[in-house]
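Take a look at the letters that make up each chain.
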Amino acid sequence: MVPESHYVALSAVLFVIGVVGVLIRRNPLVIFMSIELMLNAANLALVAFGQRHGTAQGQALVFFVMCVAAAEVAVGLAIIVSIFRMRRRLSVDELSLMRW
Amino acid sequence: MGSVIAFWILAALVVGSAVGLVVRRNPIHGALFLVVNLGGVAALYLMMHAEFLAAAQVIVYAGAIAVLFVFAIMVLIPGKEETGPDPLRAQRWLAVPLGGFLALEIALVLRSTVFTTSRSPATVPGGVEAVGRLLFTDYLFPFEVTSFLLLAALIGVMALTKRKAS
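Values in this document were obtained by computation on a predicted structure and should not be read as measured data.

1. Quick look at the packing of aromatic side chains
Two descriptors summarise a pair of aromatic rings, namely the distance from one centre to the other and the angle between the planes of the rings.
Then comes step 1: By the definition in use, this model includes seven aromatic pairs over all chains.
Then comes step 2: On the basis of an interplanar angle of 75° and a centroid distance of 5.4 Å, the ring pair of B:Phe7 and B:Trp8 is categorised as edge-to-face.
Then comes step 3: One aromatic cluster is present, formed by A:Phe63, A:Phe64, B:Phe52, B:Phe136, B:Tyr139 and B:Phe143 through successive ring pairs.

Here's what the structure looks like:
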């Protein structure tokens, strides 16, 4: 049986990789995928802590995180597609304009 | 013993695919690495006896979200590569030490709280049944709010991507 601290440490590693991905990449799609990575890391930690306390509450919380992530990805990708239609380029450094 | 070996193999797979997602320049490769990563996390859920979450992870993340990413990359083919000189290269080098700093910070927090008390692993009562009971009793209101959130996202996406009728 693997102790939960292993899962928590793994989720910490995954979260840091996601943060570095958001910081070093310029493509908004890859930044979105890195955000998914961080959400997954948080989910893993939630399940591990839930198991540690012997309840299913962590799993219920992960279900909500998944729903919010699905909504977030749909809206975020729609925004990226509409930005791409307007500017024909994709680089987060150029997207400093708050209006058009 | 077998579960420990399985954990380390899955951990290597998950971390390796995460690094691949961040490092590869082509977003399509990134999306494929993301699928591998999500599948690995689903297997980790199975190892923690969270069967419902493992199934939901495969259906929602690897099924729906990854496909959505691949569609978006296909639609945005001209913008898929990061080309040209990087105007903020100096700032980008700062990201790695900052990430290391964050890792150190998380490690210190975990050392002071999680890793001090080694509790024997408790089994989650009931698995799928327990999660379903929680969702439809204690968390009924958040559950309904979530359905409303998904509806709002649906309508918002249609409004955002609609072409102007001009």
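2. Some details on the packing of helix H1 (residues 4-24) of chain A against helix H2 (residues 28-53) of chain A
Residue and element names in this part refer to chain A.
Then comes step 1: Where H1 meets H2, the axes come as close as 8 Å, and the angle between the chain directions of the two elements is 165°. Comparing their axes, H2 and H1 come out roughly antiparallel. Considering the relative orientation of H1 and H2, their crossing is left-handed. Across the interface between the two elements, Glu-4, Tyr-7, Val-8, Leu-10, Ser-11, Leu-14, Phe-15, Ile-17, Gly-18, Val-19, Gly-21 and Val-22 of H1 pack against Ile-31, Ser-34, Ile-35, Leu-37, Met-38, Ala-41, Leu-44, Ala-45, Ala-48, Phe-49, Gln-51 and Arg-52 of H2.
Then comes step 2: Of the residues assigned to the contact of H1 with H2, the class counts are 17 nonpolar, five polar and two charged.

3. Some words on a nonpolar patch on the surface
Residues and elements named next belong to chain B.
Then comes step 1: Together, Phe-148, Leu-151, Leu-154, Ile-155 and Met-158 make up a nonpolar patch on the protein surface, roughly 550 Å² of accessible area in all.
Then comes step 2: By secondary structure assignment, the location of Ile-155 is in helix H6 (residues 140-161).
Then comes step 3: With relative accessibility at 49%, the residue Ile-155 sits in the partly exposed group.

4. Focus on the environment of A:Met38
All names here are of chain A.
Then comes step 1: Here Met-38 lies in helix H2.
Then comes step 2: Taking relative accessible area as the criterion, Met-38 reaches 16% and is therefore assigned buried.
Then comes step 3: Through-space distance from the C-alpha of Met-38 to that of Val-22 is 9.7 Å; in sequence the pair is 16 residues apart.
Then comes step 4: The residues touching Met-38, leaving out its near neighbours within four places in the chain, are Phe-15, Gly-18, Val-19 and Val-22.

5. Description of the interface of chain A and chain B
The parts lose accessible area when they come together, and the size of an interface is often stated as this lost area.
Then comes step 1: On the chain B side, the residues contacting the 68 residues of chain A number 83 residues.
Then comes step 2: With both sides pooled, the region where chain A packs onto chain B buries about 7,000 Å², and carbon together with sulfur makes up 74% of that total.
Then comes step 3: By the criterion of area lost to chain B, the three top residues of chain A are A:Arg26, A:Met33 and A:Arg52, representing 10% of everything that side buries.
Then comes step 4: Applying the counting rule to chain A against chain B returns zero salt bridges.
Then comes step 5: Put simply, chain A and chain B have six residue pairs in polar contact (both at pLDDT 80 or more) between them.
Then comes step 6: Counting only elements with at least two residues in the side of chain A that touches chain B, the list comes to H1, H2 and helix H3 (57-87) of chain A.
Then comes step 7: Looking at which element gives the most residues to the side of chain A that touches chain B, the answer is H3(A), with 23 residues.
Then comes step 8: Along the lines of polarity and charge, the residues of the side of chain A that touches chain B split into 47 nonpolar, 14 polar and seven charged.

Thresholds, definitions, all that
- Note on numbering: residues in each chain are counted from 1, in written sequence order.
- Chains carry letters and ligands carry numbers; both start at the beginning, A for chains and 1 for ligands, and go up in the order they are written.
- At least 70 in pLDDT is required for a residue's local features to be given in this predicted model, at least 80 for side-chain atom pairs to be given and counted, and no such filter applies to totals for whole chains, interfaces and linings, which use all residues.
- Based on all heavy atoms of the structure, the side-chain values leave hydrogens and waters out of the count.
- Only the six-membered ring of Trp is used, alongside the rings of Phe and Tyr, when aromatic pairs are assigned; centres must lie within 6.5 Å, and planes under 30 degrees apart are stacked while those over 60 apart are edge-to-face, with the rest tilted.
- Lines fitted to the C-alpha atoms define the axes, with helices restricted to the stretch that makes contact. Angles between their N-to-C directions range from 0 to 180 degrees.
- Segments assigned H or I by DSSP are reported as helices when at least four residues long, segments assigned E as strands when at least two residues long, and all are numbered from the N terminus.
- Each angle receives one of four descriptions, namely roughly parallel if under 35 degrees, roughly antiparallel if over 145, roughly perpendicular if within 65 to 115, and oblique otherwise.
- Crossings are assigned a handedness: left-handed for a near helix turned anticlockwise from the far helix by less than a right angle, right-handed for a clockwise turn.
- Only heavy atoms enter the contact rule, under which two residues are in contact if any of them lie within 4.5 Å.
- As a working rule, the residues Ala, Val, Leu, Ile, Met, Phe, Trp, Tyr, Cys and Pro are called nonpolar, Asp, Glu, Lys and Arg charged, and the rest polar, with Gly in that last group.
- Like-charged residues within 9 Å of one another, or nonpolar side chains (Val, Leu, Ile, Met, Phe, Trp, Tyr) within 5 Å, are grouped into patches, provided each residue has over 30% relative accessible area and no salt bridge.
- With residues, only the protein chains shown are counted as cover, and all accessible areas are computed by Shrake-Rupley using a 1.4 Å probe.
- The rule for a salt bridge is simple: a side-chain nitrogen of Lys or Arg has to be within 4 Å of a carboxyl oxygen of Asp or Glu.
- For every residue, the accessible area (1.4 Å probe, protein chains only) is compared with the maximum for its type, and the residue is labelled buried under 20%, exposed over 50%, or partly exposed between those bounds.
- Buried surface area refers to the total accessible area, computed with a probe of radius 1.4 Å, that the two partners give up upon joining, counted for both partners together.
- What qualifies as a polar contact is a pair of N or O atoms within 3.5 Å, subject to a donor-acceptor requirement within protein and to the restriction that residues adjacent in sequence count only when both atoms come from side chains.

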